[in-house]
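If you want the building blocks of each chain, they are given just below.
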Amino acid sequence: LLGTGIEEGEGQLPTDISLYQNYPNPFNPTTSIRYGINNATNVRLDVFNMLGQHVATLVDEQKAAGFYSINFDASQFSSGLYIYRIMANGNQQFKKMTLIK
């Protein structure tokens, strides 16, 4: 895949729950994670290490339909591969990200 940028038309809403690749990736020490939800729901965005241990909750709240971006500051974490997961409307999606210090 070439680009990691997501371009959405103004005023458009997502048609489904979408979790996009963080940018930049690899990163040090911060990265941006973008996601979209297609209707108002409780959204939870968590980060796990490769042992499956929960290391951070970035979002855990009711959100309106739309696209969102959140910054993740991993300055307190070790270099390595991490998994981030979105849960909304009974669905979940996962992506990998790499922290290099």
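Overview of the structure. (Residues numbered from 1 in each chain as written. Predicted model: local features only at pLDDT ≥ 70, side-chain atom pairs only at ≥ 80, totals over all residues. Heavy atoms only, no water.)

1. Observations regarding the side chain of Lys-63
Working step 1: Turning to its location among the elements, Lys-63 is positioned in strand 4 (residues 54–63).
Working step 2: The exposure class assigned to Lys-63 is buried, which follows from its relative accessible area of 16%.
Working step 3: At 2.9 Å, the side chain of Lys-63 forms a polar contact with the side chain of Glu-61.
Working step 4: Each residue touching Lys-63, except ones within four places of it in the same chain, is listed here: Tyr-35, Ile-37, Asn-39, Ala-40, Thr-41, Val-43 and Tyr-68. (Helix = DSSP H or I, 4+ residues; strand = E, 2+ residues; numbered from the N terminus. Buried < 20%, exposed > 50% of the residue type's maximum accessible area, 1.4 Å probe, protein only. Polar contact = N/O pair within 3.5 Å; in protein donor to acceptor, adjacent residues only side chain to side chain. Contact = heavy atoms within 4.5 Å.)

2. Concerning the pattern of salt bridges
Working step 1: For the coordinates displayed, the defined rule picks out four salt bridges.
Working step 2: Its salt-bridge partner being Arg-85, residue Asp-46 comes within 3.2 Å of it at the nearest N-O pair. Linking Asp-46 in strand 3 (residues 41–49) with Arg-85 in strand 6 (residues 80–88), this pair joins segments that are 39 residues apart in sequence. Across this residue pair, the class does not change: Asp-46 and Arg-85 are buried.
Working step 3: One salt bridge in this structure joins Lys-63 and Glu-61, with 2.9 Å as the shortest N-O distance. (Salt bridge = Lys/Arg side-chain N within 4 Å of Asp/Glu carboxyl O.)

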